[in-house]
Amino acid sequence: MAALRDGDFGALQILLKLVSALHNLTRHVVYRGFNRAEDILGLFPESFHQNLKNLLTKIILENVSTWRNEAQASQISLPQLVDLDWRVDIKTSSDSIARMAVPTCLLQLKIQEDAALCGNNPVVSALTVELSKETLDTMLEGLGRIRDQLSAVANK
Amino acid sequence: AADKIRLIPQDFLAELCEQIMQHLNHKIPGINTAELCQRIQTSGVDINIGDLAKIANTLSFLFSTAARNNLSTEELVTTLGSGVSTLPKHAVQVIRHVWNEQGKAIAVSEDAGNMATVGQFVDMKWKLGVAMSSDTCRSLKYPYVTVTLKVADPSGQITDKSFEMTIPQFKNFFRQFKEMASVLETV
């Protein structure tokens, strides 16, 4: 087994500083929303090694939209809807009514709590809701209005 | 729950009983426990929503059992006295009054909608927003839809559930509901 040398710890510290510097650089690029080479190149000081600067810029440019999407997905938000399952049933009888034919909807929403709060173990809760034809129509009406608003905003 | 009930001022207790009776009579979709709790707290009473929910549940069970057994006001008060002897006087008074006024009117439910084993959907509120900026992205312009569903749980108490959707998720959400509606039509 190799013995640990003083030089090893020095190297580890430099490595840590390097990773930290890269992290800051990429985070800054995502924050500012840079997607052109000139913007990123302009961040480096004059004395910086030319080839390294170009290589870093190239790699960052390739990844910036992925990083941006990740940032958007993990920003503060209300719980997110992750899944929606549904089923239509017909109630045919019960202890109080012998015969009937009442259609009803069972809806299960899977909602994931704020990703930023849960880290790597997001908590998913299931909400099961029953809807009658009337309440479903209310829901549809509301959703239709959202859709109309979306189109109005998109056309502006 | 009996000792917590003494904390609730008489007029709020009356309001709670009113809502319970209206819910049992299918006049309202659910009991607004959360909103009532907030108003009670604002008036200076230290009660938490868990306790209020338990009290609402107990009262609801009491009234629905009394309805099913066709109890008269006197019979109900006697049952109360024998069961929970620590109920404060003002609570018994409220319960007696509410039952006297409205107890007869509760029909033992013949309605298909009463078989609540899951939450019943009450209402939906929505908001369309655009996230402009965040600590990770200075210029976001990220549209999203926020929805709050009001659901009456099997005991009748209304809770809110809020969540967000991206625009593609919303479109899928809408599509699923349209499909549900068309299945309901044809069934």
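Up top is the structure.
About the cut-offs
Once a new chain begins, its residue numbering starts again from 1 and follows that chain's sequence as written. Following the order in which they are written, the chains are lettered starting with A and the ligands numbered starting with 1. The model is predicted, so local features are restricted to residues of pLDDT at least 70 and side-chain atom pairs to those at 80 or more, both for listing and for counting; the totals for chains, interfaces and linings are taken over all residues. To obtain the side-chain values, all non-hydrogen atoms of the structure were used and water was disregarded. Throughout, a residue-residue contact means that at least one pair of heavy atoms, one from each residue, lies within 4.5 Å. Take the accessible area each of two parts loses on contact, using a 1.4 Å probe, and add the two losses: that sum is the buried area. Should a side-chain nitrogen of Lys or Arg be within 4 Å of a carboxyl oxygen of Asp or Glu, the pair is scored as a salt bridge. Labels follow the DSSP assignment, with helices taken as runs of H or I lasting at least four residues and strands as runs of E lasting at least two, numbered in each case from the N terminus. The classification used treats Ala, Val, Leu, Ile, Met, Phe, Trp, Tyr, Cys and Pro as nonpolar, Asp, Glu, Lys and Arg as charged, and all other residues, Gly among them, as polar. Only rings of Phe, Tyr and Trp enter the pairing, Trp through its six-membered ring, and a pair is recorded when the two centres are within 6.5 Å. The plane angle decides the type: under 30 degrees is stacked, over 60 is edge-to-face, the rest tilted. Exposure is judged per residue with a 1.4 Å probe applied to protein chains only, and the accessible area is read against the type maximum: over 50% gives exposed, under 20% gives buried, and values in between give partly exposed. Remark: a charge is flagged as sitting over a ring if the NZ atom of Lys or the CZ atom of Arg is within 6 Å of the ring centre and within 35 degrees of the ring normal. Here an angle of 0 to 180 degrees is reported between the N-to-C directions of two axes, which are lines fitted to C-alpha atoms, with helices fitted over the stretch in contact. In these notes the angle categories are as follows: under 35 degrees is roughly parallel, over 145 is roughly antiparallel, 65 to 115 is roughly perpendicular, and the rest is oblique. Definitions for this section: a left-handed crossing has its near helix turned counterclockwise from the far helix by less than a right angle. A right-handed crossing has that turn clockwise.

**Some words on the interface of chain B and chain A**
Interface size is often expressed as the accessible area that is lost when the parts come together.
Here's step 1: Counting residues at the interface gives 47 residues for chain B, matched by 52 residues for chain A.
Here's step 2: Both faces combined, the contact of chain B with chain A buries some 4,800 Å², and carbon together with sulfur accounts for 72% of it.
Here's step 3: Where Lys-133 of chain A meets Glu-185 of chain B, a salt bridge forms, and the shortest distance between an N and an O atom there is 3.0 Å.
Here's step 4: If you tally residues by element for the side of chain B that touches chain A, the top one is helix 7 (residues 167–186) of chain B, at 14 residues.
Here's step 5: The residue makeup of the side of chain B that touches chain A, split by class, is 26 nonpolar, eleven polar and ten charged.

**Comments concerning the packing of aromatic side chains**
Here's step 1: Taken as a whole and judged by the stated rule, the model has six aromatic pairs over all chains.
Here's step 2: Centroid distance Phe-44 of chain A to Phe-48 of chain A: 4.9 Å. Interplanar angle 50°. Geometry classified as tilted.
Here's step 3: The class for Phe-44 of chain A is buried, based on a relative accessible area of 11%.
Here's step 4: Classification of Phe-48 of chain A as partly exposed rests on a relative accessible area of 27%.
Here's step 5: By way of ring pairs, the aromatic residues Phe-163, Phe-173 and Phe-177 of chain B are connected into one cluster.
Here's step 6: The ring of Phe-174 of chain B carries the charged tip of Lys-178 of chain B above its face, separated from the ring centre by 4.3 Å.

**Quick word on the packing of helix 4 (residues 49–68) of chain B against helix 6 (residues 89–102) of chain B**
Residue and element names in this part refer to chain B.
Here's step 1: Where helix 4 contacts helix 6, the axes come no closer than 12 Å and their chain directions differ by 40°. On the basis of the axis angle, helix 4 is oblique to helix 6. With respect to the hand of their crossing, helix 4 and helix 6 are arranged in right-handed fashion. Residues Leu-59, Leu-62, Phe-63, Ala-66 and Ala-67 of helix 4 form the contact with helix 6, whose own contacting residues are Ile-95, Val-98 and Trp-99.
Here's step 2: Here the contact of helix 4 with helix 6 is built from residues that sort into eight nonpolar, no polar and no charged.

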